[in-house]
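One-letter residues, chain by chain:
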Amino acid sequence: MQKKNIVIGVGNMLFKDEGIGIYAAEYISQNYKFDDEDLEIIDGGTLGFKLMAYFQEYDNVIILDTVSIEDEVGGIYRLPSDVLLGLGTYRKTAHEVEIVEMLEIVSVLDSHANVTIIGIIPKDIETVQIGLTKHMEDKFEEFILNAIKEIESLGIKATKVKNILIPDIVKSMIGSYNGEHLTRIPNEEDFTHAINL
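All of these numbers come straight from a predicted model, not from anything done at the bench.

(A) Seen up close, the pairing of strand β6 (residues 114-120). By the criterion of burial, β6 is predominantly enclosed, with 6 of the 7 residues buried. In this sheet, β6 lies alongside strand β4 (residues 60-66) in parallel orientation, the contact comprising 7 bridges. Considered in β6, the bridge of asparagine 60 is made with asparagine 114. In this structure, strand β5 (residues 76-80) lies alongside β6, joined through 5 bridges in antiparallel fashion. Paired with tyrosine 77 across the bridge in β6 is glycine 119.

Here's what the structure looks like:
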C-alpha cells in the first residue's frame, strides 16, 4: 500500500512573517509537480489541534512554519519530531505550542506519522500586516528548496513547472481582500466628513 504523505503550511498570514509556511505551501502547490499524485499539500493555517488527525492518518507529515529558536533571523532548520520535543525554547507562538503538544500526545500511540518541521526564524511576527519582511523574501527560495529536498527524501520526484513569484502568490491567496469591494470601504476623508456632519 502506498504511503500517505502530506505537506502542511502552518501560520497566520495576518502577522507578517507568521504567514511564510502558508505562502510556501501555496508556492509549492502552484509551481511544482510531483510524480506522487497522492501527495497532498494543504494550508493548515491556524487549525491548531485539528491538525492531530493528520498526525494519526498519514505516514509522513512535513510542516512548513516559523520556529522560535534563538539564532540569526532567516536561519532554516529541519526538525524531526523527536528533536522538536526536546526543544523547550521552541514554544513561543500559539501554533508552535499546539504542534508540540500534539506531538507529545501522538507519540504515545502505536501508530503515528513521521513528522518533520522545516522551519525558518522570522524577523517580524507581531506587526499586523499581510506580506513578508524583506529578510523573509530574501530567504524564501532557500526555504522552498529545503522543503522540496524533504519531499524528495520520501522518494517523491519534484519538477518545477512554473515560476509564479511570491508577491503574486500572496495576492492570489488574499483574493477577495484585494478585490473591488475595497472601493466601497470608507476612507479617512469619508470618516472625517461623517464626524463633522
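Alright, that's what it looks like, and here's the rest.
(B) Molecular detail of the environment of glycine 45. In this fold, glycine 45 is placed in strand β3 (residues 40-45). Residue glycine 45 is classed as buried on the basis of its relative accessible area of 12%. A C-alpha to C-alpha distance of 4.7 Å links glycine 45 and valine 10, two positions 35 residues apart in sequence. Those residues in contact with glycine 45 that sit more than four places away from it in its chain are Gly9, Val10, Gly11 and Ile22.

(C) Structural detail: the packing of helix α1 (residues 20-31) against helix α6 (residues 166-174). Interhelical geometry of α1 versus α6 gives an angle of 100 degrees and a closest axis separation of 10 Å. Judged on the interaxial angle alone, α6 and α1 are roughly perpendicular. The residues of α6 that touch α1, namely those facing Ile22, Tyr23, Glu26, Tyr27, Gln30 and Asn31, are Ile166, Ile169, Val170, Ser172 and Met173. By residue class, the composition of the contact of α1 with α6 is 7 nonpolar, 3 polar and 1 charged.

Conventions used here
Residues numbered from 1 in each chain as written. Predicted model: local features only at pLDDT ≥ 70, side-chain atom pairs only at ≥ 80, totals over all residues. Heavy atoms only, no water. Buried < 20%, exposed > 50% of the residue type's maximum accessible area, 1.4 Å probe, protein only. Helix = DSSP H or I, 4+ residues; strand = E, 2+ residues; numbered from the N terminus. Pairing = 2+ DSSP bridges. Contact = heavy atoms within 4.5 Å. Axes fitted to C-alpha atoms, helices over the stretch in contact; angles between N-to-C directions. Parallel < 35°, antiparallel > 145°, perpendicular 65-115°, else oblique. Nonpolar A, V, L, I, M, F, W, Y, C, P; charged D, E, K, R; others polar.

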